[in-house]
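Examining the three-dimensional arrangement
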Amino acid sequence: MEKKDELYKGKAKSVYATDDAKRLVMLFRNDTSAFDGKKKEALDRKGMVNNKFNAFIMEKLEAAGIETHFEKLLNDQESLVKRLTMLPVECVVRNISAGSICRRLGVQEGLDLNPPTFEFFLKNDDLGDPMINEFHIQSFGWATPEQVEIMKALAFKVNGVLKALFDAAGLLLVDYKLEFGVYEGRVILGDEFTPDGCRLWDKETRKKLDKDRFRQGLGGVVEAYEEVGHRLGVKFD
Ligand code: ADP
Ligand code: UDP
């Protein structure tokens with residue numbers, strides 16, 4: 001497998017073509033951003049930690065019967081993935097209130113959500129990823145009704161698998177964002193699952209062990225990601 005041109009440089013990852021038209025190299029950089037890119041910093045080791053964290057989670061999801069784009073780790077900061085046609089929506093599942101839902105609905109942080117709730121956001125940096133509903137998705141053709149149903153079902157299936165996994169490690173899975181894409185006609189999980197895109201709290205102390213440490217300037221960002229990884233059994237070396 002030969003790595004070719006950079007196809008896309010996002011806020012935290014870069015994507016490269018390969019000599020196989022169906023596969024991409026995904027590079028996890030140390031770059032970290034928040035507030036629509038207004039706060040930015042390169043955090044030592046974060047690329048390696050997230051690459052290995054993501055590989056671990058994607059393998060757990062595959063083992064639970066959830067198809068993902070992940071194929072294999074290539075090195076510390078790169079993984080080989082299936083090339084997807086991404087659906088331009090972000091799927092957010094929330095088990096506990098935190099972040100934008102608190103600001104939007106005026107609710108306090110830390111409320112248990114029964115049942116867990118689900119939101120779609122349009123993936124559009126210029127617009128600050130606005131929240132959208134299923135009617136918008138259909139009216140503007142961002143995904144078909146069938147794809148919407150599959151994304152919701154898979155997002156909740158991921159919740160069942162990962163809530164249990166994190167619970168066993170003494171962690172609360174507060175919320176997370178997923179992105180899906182189409183591969184050979186099937187909707188499968190793409191992008192990443194790392195503490196950059198989810199909220200994880202210690203079950204006992206409710207200490208934040210995710211990107212809120214960066215957003216809120218709490219420090220110890222990568223150390224917190226590593227602590228979560230160690231508790232799960234991720235090998236960072
Ligand atoms: P952003 O675009 O939000 O700044 P990243 O820095 O994480 O995000 O960049 C990674 C980009 O790669 C995202 O736009 C994501 O939608 C896209 N992507 C993730 N997985 C795949 C895949 N398997 N095939 C094609 N594109 C992907
Ligand atoms: N999230 C993400 N990328 C985004 C927006 C949100 O990974 O562009 C994640 C975020 O880390 C959190 C969840 O999705 O785990 C819900 O985010 P929220 O809507 O609360 O927005 P925030 O306040 O985190 O910006």
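Data block above holds the structure.
So, here's what we can say about the structure. Nothing here was measured: the structure is a model prediction, and the numbers come from that model.

Looking now at the site of ligand 2. Near ligand 2 you find 16 residues, and of these Arg94, Ser100, Asp175, Arg199 and Arg215 are the closest. Glu90 places a polar side-chain atom, nitrogen or oxygen, 3.2 Å from an oxygen atom of ligand 2. Contact distances for ligand 2 include 2.7 Å between an oxygen atom and a side-chain N or O atom of Arg94. Coverage of ligand 2 by the protein chains reaches 80% of its 500 Å² of free accessible surface. Every element with two or more residues in the shell around ligand 2 is listed here: β9 (89-96), α2 (100-105), β12 (171-178) and β15 (198-202). When residues of the shell around ligand 2 are assigned to their parent elements, the largest contribution, three residues, is made by β9. Tallied by class, the residues present in the shell around ligand 2 amount to four nonpolar, three polar and nine charged.

Right, let's talk about the site of ligand 1 for a bit. In the neighbourhood of ligand 1, 17 residues make up the surrounding shell, with Tyr8, Lys11, Ala12, Lys13 and Glu179 lying closest. A distance of 2.8 Å separates an oxygen atom of ligand 1 from a polar backbone atom of Ala12. One nitrogen or oxygen atom from the side chain of His69 is found 2.8 Å from a nitrogen atom belonging to ligand 1. Only β2 (13-18), β3 (23-28) and β7 (78-82) provide two or more residues apiece to the shell around ligand 1.

By the element assignment, Asn51 lies in helix α1 (residues 46-63). Remark: the alpha-carbon pair of Asn51 and Leu165, spanning 114 residues in sequence, is separated by 18 Å.

Conventions adopted
Residues numbered from 1 in each chain as written. Chains lettered and ligands numbered in written order. Predicted model: local features only at pLDDT ≥ 70, side-chain atom pairs only at ≥ 80, totals over all residues. Heavy atoms only, no water. Near = heavy atom within 4 Å. Polar contact = N/O pair within 3.5 Å; in protein donor to acceptor, adjacent residues only side chain to side chain. Areas by Shrake-Rupley, 256 points an atom, 1.4 Å probe, with all protein chains shown as cover. Helix = DSSP H or I, 4+ residues; strand = E, 2+ residues; numbered from the N terminus. Nonpolar A, V, L, I, M, F, W, Y, C, P; charged D, E, K, R; others polar.

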